[in-house]
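Coordinates in review
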Protein chains: 2
Amino acid sequence: MKISSLQTARLEYVPKLPKMLKNGITQIAVKEGSETKSVSDYEKIKELFPNTYGKKEVVFKKGKNTSTDKKQVVGVILSGGQAPGGHNVICGLYDALKSTNPENELYGFKGGPGGLLKDNFIIFDDEYINQFRNTGGFDILGSDRTKLETEEQFSIVTDVCKKHNINAIVIIGGDDSNTNAALLAEYFAANKTGIQVIGCPKTIDGDLKNEDIECSFGFDTATKTYSELIGNIQRDANSAKKYWHFIKVMGRSASHIALECALQTQPNICLISEEIANKKMSISEIADYICDSVVSRSEKNMNFGVVIIPEGVVEFVPEFSMLISQINELLAFKKADEFNKLSTWDEKYEFIVNGLTKEAVDVFNILPRNIQQQLFFERDPHGNVQVSLIESEKLFSAVVAQKLEERRKSGLYNGKFSVLHHFLGYEGRCAFPSNFDADYCYSLGYNAFVLIQYGYNGYLSKISNLSSSAINWIAGGMPITKMMNIERRHGKDKPVIKKALVDLNGNAFKYFKEHREKWAIETSYVYPGAIQYYGPSKVCDNTTITLALEKGSFD
Amino acid sequence: MKISSLQTARLEYVPKLPKMLKNGITQIAVKEGSETKSVSDYEKIKELFPNTYGKKEVVFKKGKNTSTDKKQVVGVILSGGQAPGGHNVICGLYDALKSTNPENELYGFKGGPGGLLKDNFIIFDDEYINQFRNTGGFDILGSDRTKLETEEQFSIVTDVCKKHNINAIVIIGGDDSNTNAALLAEYFAANKTGIQVIGCPKTIDGDLKNEDIECSFGFDTATKTYSELIGNIQRDANSAKKYWHFIKVMGRSASHIALECALQTQPNICLISEEIANKKMSISEIADYICDSVVSRSEKNMNFGVVIIPEGVVEFVPEFSMLISQINELLAFKKADEFNKLSTWDEKYEFIVNGLTKEAVDVFNILPRNIQQQLFFERDPHGNVQVSLIESEKLFSAVVAQKLEERRKSGLYNGKFSVLHHFLGYEGRCAFPSNFDADYCYSLGYNAFVLIQYGYNGYLSKISNLSSSAINWIAGGMPITKMMNIERRHGKDKPVIKKALVDLNGNAFKYFKEHREKWAIETSYVYPGAIQYYGPSKVCDNTTITLALEKGSFD
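The present account deals with the structure reproduced in this document.

How each quantity is defined
Residues numbered from 1 in each chain as written. Chains lettered and ligands numbered in written order. Predicted model: local features only at pLDDT ≥ 70, side-chain atom pairs only at ≥ 80, totals over all residues. Heavy atoms only, no water. Helix = DSSP H or I, 4+ residues; strand = E, 2+ residues; numbered from the N terminus. Rg over C-alpha atoms; globule rule 2.2 N^0.38 Å. Lys, Arg positive; Asp, Glu negative; His and termini not counted. Charge placed at Lys NZ, Arg CZ, Asp CG, Glu CD. Core = buried A, V, L, I, M, F, W, Y, C linked by side-chain atoms within 4.5 Å. Buried < 20%, exposed > 50% of the residue type's maximum accessible area, 1.4 Å probe, protein only. Contact = heavy atoms within 4.5 Å. Pairing = 2+ DSSP bridges. Right-handed = clockwise from strand over helix to strand, strands pointing away. Least-squares fit on C-alpha atoms with pLDDT ≥ 70 in both. Axes fitted to C-alpha atoms, helices over the stretch in contact; angles between N-to-C directions. Arc of directions from axis to C-beta.

Broken down by element type, chain A carries 21 helices and 15 strands. Taken over C-alpha atoms, the radius of gyration comes to 25 Å for chain A, in line with the 24 Å a tight globule of 555 residues would show. On the principal axes, the C-alpha backbone points of chain A span a range of 80 × 60 × 50 Å. In chain A, 65 side chains carry a positive charge and 68 a negative one; their mean positions are 3 Å apart.

Turning to the nonpolar core, a few remarks are in order. Residues Phe60(A), Ile90(A), Phe124(A), Phe60(B), Ile90(B) and Tyr440(B) are the most contacted members of the largest nonpolar core, which totals 224 residues. When residues no more than four places from it in sequence are discounted, the contact partners of Tyr440(B) are Pro201(B), Ile213(B), Cys215(B), Ser216(B), Phe217(B), Ile463(B), Leu466(B) and Trp473(B).

Below, the discussion takes up the pairing of strand β4 (residues 105-109) of chain B. Residues and elements named next belong to chain B. Among the five residues of β4, four are classified as buried, and the element is accordingly described as predominantly covered. Bridge count between strand β3 (residues 73-78) and β4: four bridges; the pairing is parallel. Its bridge partner being in β4, Val74 is matched across the sheet by Leu106. As for the winding sense of the linkage, the β-α-β connection from β3 through helix α3 (residues 86-100) to β4 is right-handed. For β4 and strand β5 (residues 121-123), the ladder comprises three bridges, and the chain directions are antiparallel. Following the sheet pairing, Gly108 is matched in β5 by Ile122.

Glancing now at the relation of the copies chain B and chain A. Here chain B sits on chain A after a turn of 180° about the axis and a move of 0.0 Å along it, with an RMSD of 0.0 Å. Expressed as a symmetry operation, the mapping of one chain copy onto the other fits a two-fold axis. Of the interface residues in chain B, 98% have counterparts in chain A that sit at the interface too, so the contact is made through matching surfaces.

To continue, consider the sheet that holds β4(B). All names here are of chain B. Read across the open sheet, the nine strands follow the order β1-β2-β13-β12-β7-β6-β3-β4-β5; overall the sheet is mixed. Only two strands of the sheet have a single neighbouring strand rather than two, namely β1 (28-35) and β5. Sheet twist, expressed as the mean angle between neighbouring strand axes with direction ignored, is 25°. Contacting β1, β2 (56-62), β3, β6 (168-173), β7 (196-201), β12 (459-464) and β13 (474-479), helix α18 (residues 435-453) runs over the sheet at an angle of about 135° to β12.

The subject of this paragraph is helix α15 (residues 358-366) of chain A. All names here are of chain A. Of all the residues in α15, the buried ones are Ala360, Val361, Val363 and Phe364. Buried residues in α15, looked at end-on, bunch into an arc of 160°, giving them a common side. Away from its buried face by more than 90 degrees, α15 exposes Lys358 and Glu359.

Another aspect to go through is the environment of Gly111(B). All names here are of chain B. Mapped onto the elements of the fold, Gly111 is located in the loop between β4 and α4 (112-117). Taking the C-alpha atoms as reference points, Gly111 and Ser143, separated by 32 residues in sequence, lie 4.2 Å from one another. Those residues in contact with Gly111, other than ones at most four positions away along the chain, are Leu141, Gly142, Ser143 and Asp144.

Okay, structure coming up:
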């Protein structure tokens, strides 16, 4: 098996642990804080989690380990989309487990939550795990998107655990997976199984974040990888001076990735979905906003630029959501067949336009024809428009192009507008974790085991003070129920971890807002370059700008 | 002006020079070799270059500098597409020039050859140039694609040079630009202007390569950047286990980039245009070749994979070229209007099919409808199909999908085939140059000045023995005419530098061929990770695998 020279070198990297964890497992004492309560909907959450609600916050400190000495058998799963550092969570968990007692065992369930239900497992040993240290990807186990949420599933999980004498499960996942981890923990407690559940906060999207969780792992590496590429594209734009690049970046429900990339690279434009929703902006207004930058720059003979677009942006445009829901209704059930039978676009167009309200038709008519058609190419099994397949980068560049031609006719624009499109997503989810993510993930995993050893259930592994050096990080745990509220999902009230959208009053967005007018007109590009794992600390140990701004440590 | 922490660190990097150049300008002596002749068409080339043909090869060595002491005023341009390291060529040139005589001057013409014709210049000084050391991009001057090839242009260039007392021009460009550099050198010599021309071999495509030029600069960094991303995508594929990724990489006329990326990452499939042309493969055969891998892998429950496609591949498929030329003929002049007036695709389809030969119709019918339509969306001013706009990655995945369905019906395939598409190009042309490119480019520029100082004209700056450490590189010069032959271009015989296609008998392709069957069926992915500028030498100083294989130093 051939491996790259970087991978060979990274296998030797020793992740940094916070000082309270780095003296060996016998020197970790626990300190409990006060009892916790959920972010809101206290009563309802408490009712739903009678056995796991209200537990105390936990912090580890240097001191004699007072946990019970017993053989631990732990199971671990990776849940959902890939994020750099997942392998290191498992390595940290494994190392803490084995150094506590060589008889301890770590089961890995292959293929995510689905694999846990199928009892598809391996038992980790040094030889297997050592191949994955400090590497990207989730290939150590694989993953899937099965949701563990029903009593029936929980009962199967209990059987699987009992079969192997597993006394704790670690779930590495995003907000939904950790919500389900809390439900599973409650089930285990209610049924007196004696099995514990610990979650670890994963997602490149950065939307699993709150008072306790400063950032989810993977966000650092993914945004640095995208920023490397955006910087390179900006340098190309500024060299060739002839293209506008419309770059869509991953992040469907929140724009943290787009915002962080903008902070790192200083593009001409970056759309923030949360702001668009807040201001109830229309497609036309968004396009005009971009046009203003194109026109200003063309007046200085700069017919080039870069626009960053968050993947989910169209879903945040109120009029667009309205259009989509009308189309979904129009083409529901049998009407879809009727539509599909129409052979020419003109006939289909007429059918659509006759079935929509005037407001919806107006929005539909703003869209360029290829985007209009795209709305009907592929629909999901219920006949719904697949919003995630809409190429929003092409949508906006096309509307911008139309508007520029109108301005040209009015004598308000005299430039050139040639566009190139990019989508950055899969390029960053499995990169080698940055030193930050390598250290953070290893600490999360190591810490998860200490929580297990001390008998906690329904906790999220919590490492904080992340904008400081790793040695100063604070390790501990927080009951997952503390991060929950009740939200309406699919017509039902559900207890869920509150998803973190971009805070329009937060420091990160504020900094962006203060600078973006200058960036829109001038060429203020910053070129971050590739992630460095070696070299000057300023180059290889820096955090995201979002985190630095949020923690007040940005200079 | 904010710059990234990597850029700050890279400004301090001191590029390595070959030992024969590193003792200071006073310690560089020259050794002339034997007279040269062109690769073929000796008589014709000699006739076209009476003043610059047959000159001697030059190698520098440590020794007393015997060049004439005179003030040098040099002009430099960047020509054509961006390649990482262009800034360092200029930095090396500047440093050699200033260390020889602080009175020497370096003019940079802005916006490429077009800027030289317009006399749009800056004069370099320390403050300006120091911002660009070891950075990517061509933004130090900009570039364009103007071809300097007519007597009229040469006369303007002469005037510009005389105006500023410029006695030498350095042209940093690809094969066409250096062909034109040779023509300009001959013009200068024939007209006894006393002005010299030195070329530097640039292009990420890697097709400016021959007996003398081991590789063009930028190829190393660009292929490492693409390989980083392909590796990341492979790791994602191997983690999620549900997608086939079809990745198109830059390189229209040669497949060096695709081949190097394949050597670095070991994907399941990599198409090589030169082999396809050599074997006269049809689209259907190529798709079947990919299908075989998809089917074999699906039998082992691996419904995922990675296919690398060189940008220009369709132009190398004989039947596709035939189709395109028939379409171009069919839609020439007035017939295009007739075609454009047809309102439905069915009418257009009938028009097309009636106008093509049976062979062409058969090829056209293999294509999925969206690709059929794409051929007609945008045509160039002459009404020709724009082959470069054809999304070949989507073309092949669509044909593969069709064929898989046929195999499924015959019971020969029972897998899932979900595809994602990528195009990697602009992400890599302006990356921070790798240490290799930073050193190589600086040496090329430094060396170019030594050639000027010694009075050479019509030479390419030549640094060889590149698979060894920089200290052992050999610095010298080679008459550009030596690399020339006569080719038919636009119906005329022209002297040009012979473009290097992938050599199907060369070591690089051979290695690929020996391993690809295994790679197609197994998962042998290698994950190179991001370019490292610091750290272990094995990680940050390695060359491309192509170069190592060609020079016999691959282990």
